[in-house]
Amino acid sequence: MTASPPPGPGHAEGAPGDARRTPSFQEMWRELAPLGRDSGSGGYRRYAWTAADADCRAWFRAQAEARGLAYELDRNGNQWAWLGDPLAGDAVVTGSHLDSVPDGGAFDGPLGVVSSFAALDELRGRGARFSRPLAITNFGDEEGARFGLACVGSRLTAGRLTAEQARELRDGNGITLPGAMEAAGHDPSTLGPDPERLARIGAFIELHVEQGRALDLSGDPVGIASAIWPHGRWRFDFRGEANHAGTTRLADRRDPMLPYAETVLAARREAELAGALATFGKISVEPNGVNAIPSLVRGWLDSRAADQSALDTVVAGIEAAARAYADRAGIELSVVRESFTPVVEFEHALRDELGKILGQRPGGGAPVPVLGTGAGHDAGILSGSIPTAMLFVRNPTGVSHSPAESAAEDDCVAGVLALADVLEGLACA
C-alpha cells in the first residue's frame, strides 16, 4: 500500500450519549491524502507555513472538532486537541507531525496523527473511561524541509531552540521563520519555551512508520523504540572562482565542484569504516550555470551512528578529507554544524510499561520487539523534558522519505489497536 487509504477500526461516537459521527480511519486517510501532494512526482511537499501546511492544519482542526475535543494552537504553532481538562496535569499525549520532506511519502508523520484520532475512536467504542487528560498533537515543522532545522516546533517548546535562534532561520528565498508564520496568520512574537505546557504532560507516545526494515525482517507488525541514534547536519561551503566553462584551461581552474565530489565519495568510505551513515543529500551551486565554472558549491551532510564515538569519527574523517581535497585544488572550505541531537534513550520505565501492556493483550504472548532507529523524531526532542516513548509500524521495504514509502493495511490497523491499548493502559481507570 502506498498513499491509498488503509481500512482502520470503524468510526466511533464522539462520546457516551453523543450522536456525533466521527470519520473512520479510512475516511481520514482519504481526506488527508491529496493535501500537498505533487501530481508529477507523486510525493508530498508539505512545507512549514505554506498553503499545503495550512490545509493540513485545517484538516487536524476539523478532526478535533468532529470529536468534540478542545482545539488549541500553542505559542510555537503546534496544534493540540484535548479530551479532559488541559490544566489538570499528568496528561497522556499522542500524535506526530503532518509536514514532509521534499517529495516525501504519505506515512512519515501523518500515520501517527491519523492513528491517534483512530485510537481515540477505538477507545470510545470500547466505552473506556479516562482517568487522565488525553491530547492529540501535530508538531510543526518536524522535517525542517523549509528552514533547514528539524523539529522546530518541539525544539522551541522544550527550550532546545531559543526564540532568538528561531527568528534567524531563513528559507531558500530569504524569508524568515517569523515572516512565514506571520504570512500564515500566526503571531511570531509568542515564540519560545513552553515549560508550563510540558509540566502538564505525564507521558508522550508517538506512533510512526518504521524507517527501516527491522520489523519486516523479524516478522512483527509493531515494535517499540529503544533509542534514537545521535545525528546532525553539517554545511560544507567550497569557495572557488567563477569562470567560463568553454574557455578556461583545466589547469587554470579553481573549481569547487571537484573537492565537493571527492568529499561525497569520502563520506561513503568513512561511513562504511565506522559502521555509520553519512549522506550528502542537498546541494546549492553558484552561479548555477551550465556553461559556468562554479564560484561556490554548498553541500549539506547528514550523518548518524549508533553511538557518539562512531559519529565523531565519521564526521571528523569526512571533514579532514574535504580539507585535504580543497587545499589541493586551491579552494577555500568552511564547515558549520547546523544542528545536532545526541543519543536519545527513551525512558526505560515507560518503555517497559508499553511492553507490558502490549504483551498482555489477548492472543499475545510473544514479546513486542524493541529496536533502535537512526531517524530523529519529536519524541526524541521532548525526551529530555518529559517521559516519551515510540511505537513503530512495519514498513515492508524500509523505504522512507520517498513516494515509495509504504505500509500494509493490516499493519496500519495493528498499529492503531496497539496505540489504543497503550493509551487505555496509561490514561484509563
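Novice: Got a minute to help me understand the pairing of strand 3 (residues 70-73) in this structure?
Specialist: Side chains on a regular strand alternate between the two faces of the sheet. As judged from the four bridges shared by strand 3 and strand 4 (residues 79-83), these two strands associate in the antiparallel manner. From the neighbouring strand, Leu73 faces strand 4, where its bridge partner is Gln79. Two successive antiparallel strands, strand 3 and strand 4, enclose a turn made up of five residues, where Gly77 displays a positive phi of approximately 85°.

Novice: Sorry, what's going on with the environment of Pro256 here?
Specialist: Within the secondary structure, Pro256 is located in the loop between strand 10 (243-244) and helix 9 (257-274). Given the relative accessible area of 0%, Pro256 is considered buried. C-alpha of Pro256 to C-alpha of Arg239: the two residues are 17 residues apart in sequence and 5.9 Å apart in space. Discounting residues that sit within four places of it in the chain, Pro256 has contacts with Phe238, Arg239, Gly240, Pro294, Ser295, Leu296, Val297 and Ile331.

Novice: So what exactly am I meant to see when it comes to the confidence of the model for the protein here?
Specialist: Interpretation of this model should avoid reading the predicted coordinates in detail wherever pLDDT is low. Averaged over every residue, the pLDDT of the protein is 93; residues scoring 70 or more account for 94%. Between residues 10-19, whose pLDDT stays under 50, and residues either more than four places distant or in other chains, the model counts 21 contacts.

Novice: Honestly, helix 1 (residues 25-32) in this entry has me stumped. Any pointers?
Specialist: Think of an α-helix as turning once every 3.6 residues; residues three or four places apart then point the same way. For helix 1, the set of buried residues is Phe25, Met28, Trp29 and Leu32. Down the axis of helix 1, the smallest arc covering the buried residues is 95°, so these residues share one side. In this structure, the buried side of helix 1 is in contact with helix 2 (51-66), helix 3 (110-126) and helix 13 (409-427).

Novice: Any chance you could explain unusual backbone geometry here in plain terms?
Specialist: Outside of glycine, negative phi angles account for most residues, and trans bonds account for most peptide bonds. The omega torsion across Glu286 and Pro287 is 0°, close enough to zero to call that bond cis. Inspection of the secondary structure assignment puts Pro287 in the loop between strand 11 (277-286) and strand 12 (292-293). Phi at Asp141 takes a positive value of approximately 50°, unusual for a residue other than glycine. Given a relative accessible area of 5%, Asp141 falls into the buried group.

Novice: I'm lost on the state of the cysteines in this one. Help?
Specialist: Covalent bonding between the sulfur atoms of two cysteines defines a disulfide. This model, assessed by the stated rule, comprises zero disulfides. Take Cys151: it sits in no disulfide, and the sulfur closest to it among the cysteines is that of Cys56, at 17 Å. You can see Cys412 has no disulfide; the closest cysteine sulfur is in Cys56, sitting 17 Å from it. The class for Cys412 is buried, based on a relative accessible area of 1%.

Novice: Can you walk me through the side chain of Ser154 in this structure?
Specialist: Within the secondary structure, Ser154 is located in helix 4 (residues 152-158). Using a relative accessible area of 0% as the deciding quantity, one classes Ser154 as buried. Looking at Ser154, its side chain comes within polar contact range of the side chain of Asp378, at 2.6 Å. Apart from residues lying up to four places away in sequence, Ser154 is in contact with Asn78, Phe139, Asp378, Ile381 and Leu382.

Novice: For this particular structure, what's the right way to read the sheet that holds strand 14 (residues 332-341)?
Specialist: Whether parallel or antiparallel, the strands of a sheet pair through hydrogen bonds between backbone atoms. The strand order across the open sheet built from four strands is 11-13-9-14, with neighbouring strands paired in antiparallel fashion. Single-partner strands in this sheet number two, and they are strand 11 and strand 14. The sheet shows a mean angle of 20° between the axes of neighbouring strands, direction not considered. Note that strand 9 (residues 231-239) and strand 13 (residues 296-304) share nine bridges and pair antiparallel. The residue bridging Arg235 from the neighbouring strand is Trp300, located in strand 13.

Novice: Got a minute to help me understand the pairing of strand 9 in this structure?
Specialist: Extensive coverage of strand 9 is indicated by the burial of seven of its nine residues. Looking at chain direction, strand 9 and strand 14 are connected through nine bridges and run antiparallel. Among the inter-strand pairings, Phe236 is bridged to a residue of strand 14, identified as Val335.

Novice: Looking at this model, I keep getting lost on the packing of helix 3 against helix 13. Mind explaining?
Specialist: Geometry of a packed helix pair, given as the angle between the helix axes and the separation of the axes. Where helix 3 meets helix 13, the closest approach of the two axes is 8 Å, and the angle between their N-to-C directions is 60°. For the element pair helix 3 / helix 13, the angle class is oblique. Relative to helix 13, helix 3 is oriented so that their crossing is right-handed. Here helix 3 contributes Leu111, Ser115, Ser116, Ala118, Ala119, Glu122, Leu123 and Arg126 to the contact with helix 13, which in turn contributes Cys412, Val416, Leu417, Leu419, Ala420, Asp421, Leu423 and Glu424.

Thresholds, definitions, all that
Residues numbered from 1 in each chain as written. Predicted model: local features only at pLDDT ≥ 70, side-chain atom pairs only at ≥ 80, totals over all residues. Heavy atoms only, no water. Pairing = 2+ DSSP bridges. Helix = DSSP H or I, 4+ residues; strand = E, 2+ residues; numbered from the N terminus. Buried < 20%, exposed > 50% of the residue type's maximum accessible area, 1.4 Å probe, protein only. Contact = heavy atoms within 4.5 Å. pLDDT = per-residue confidence, 0-100. Arc of directions from axis to C-beta. Disulfide = S-S within 2.5 Å. Polar contact = N/O pair within 3.5 Å; in protein donor to acceptor, adjacent residues only side chain to side chain. Axes fitted to C-alpha atoms, helices over the stretch in contact; angles between N-to-C directions. Parallel < 35°, antiparallel > 145°, perpendicular 65-115°, else oblique. Left-handed = near helix turned anticlockwise from the far one by under 90°.

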